[in-house]
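Spelled out from the first residue to the last, the chains are:
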Amino acid sequence: MAPLNADGTVNELAGLHMELVNCEATLLHEIGTREAKGLTRDSVALTYAMALRSSERPSIDWGKVNRAIIARWSPAALNYIKERAWRLNEEGR
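Just so we're clear, the structure is a prediction, and the values are computed from it rather than from any experiment.

A. Main features of the nonpolar core. Counting residues in each nonpolar core, the largest one holds 18 residues, and the members touching the most others are L27, I31, Y48, W62, V65 and I69. At the level of elements, α1 (23-32), α2 (41-53), α3 (62-72) and α4 (75-91) are the ones that each hand at least two residues to this core. Top element by residues in this core is α2. It accounts for six residues. Not counting residues up to four positions away in its chain, the partners in contact with I69 are I31, V44, Y48, S74, A77, L78 and I81.

B. Focus on the pattern of salt bridges. Per the stated rule, a full pass over the model turns up two salt bridges. Between K64 and E24 there is a salt bridge, and its shortest N-O distance comes to 4.0 Å. Of this pair, K64 sits in helix α3 while E24 sits in helix α1, placing them 40 residues apart in sequence. One salt bridge in this structure joins D42 and R84, with 3.1 Å as the shortest N-O distance. In this pair, D42 is assigned in helix α2 and R84 in helix α4, connecting sequence segments 42 residues apart. A relative accessible area of 35% places D42 in the partly exposed class. Given the relative accessible area of 24%, R84 is considered partly exposed.

C. The arrangement of the environment of Y80 in detail. Relative to the helices and strands, Y80 resides in helix α4. The contacts of Y80, once residues within four sequence positions are left out, are R41 and D42. At a separation of 2.5 Å, a polar atom in the side chain of Y80 contacts the side chain of D42.

D. Inspection of the side chain of N89 at higher detail. Along the polypeptide, N89 turns up in helix α4. Residue classification places N89 among the buried residues on the basis of a relative accessible area of 5%. Excluding residues within four positions of it along the chain, N89 makes contact with A49, L52 and R53.

E. Representation of α4. The terminal C-alpha atoms of α4, which comprises 17 residues, lie 24 Å apart, in line with the 24 Å expected from a rise of 1.5 Å per residue. Listed in full, the buried residues belonging to α4 are A77, L78, I81, A85 and N89. The buried residues of α4 occupy an angular sector of 105° when projected down its axis, which confines them to one face. Turned more than 90 degrees off the buried face of α4, the exposed positions are P75, A76, E83, E90 and E91. Against α2 and α3 lie the buried residues of α4.

Calculation notes
- Residues numbered from 1 in each chain as written.
- Predicted model: local features only at pLDDT ≥ 70, side-chain atom pairs only at ≥ 80, totals over all residues.
- Heavy atoms only, no water.
- Core = buried A, V, L, I, M, F, W, Y, C linked by side-chain atoms within 4.5 Å.
- Buried < 20%, exposed > 50% of the residue type's maximum accessible area, 1.4 Å probe, protein only.
- Helix = DSSP H or I, 4+ residues; strand = E, 2+ residues; numbered from the N terminus.
- Contact = heavy atoms within 4.5 Å.
- Salt bridge = Lys/Arg side-chain N within 4 Å of Asp/Glu carboxyl O.
- Polar contact = N/O pair within 3.5 Å; in protein donor to acceptor, adjacent residues only side chain to side chain.
- Expected span 1.5 Å × (residues − 1).
- Arc of directions from axis to C-beta.

These results come straight from atomic positions and should not be treated as a statement about function.
Below is the structure:
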């Protein structure tokens, strides 16, 4: 039987493996485009978490991504996003 969500419905995504592609561009788009201004730090943290798990991880210019986060929000926001991303990855194991 498939795992259930908190509301008792079947979790359709349980056991599904997904990989984010073009991670750096996706992160920079979410952080910096006019259309993405409604995205929260939590939304970016989720994408950051997926990028950390991606096979593209070694080729991502993390300095560029981190500077974009600081430019949009602040150094404290960068720390928040990184901590949340690592926590999401730990919870997802």
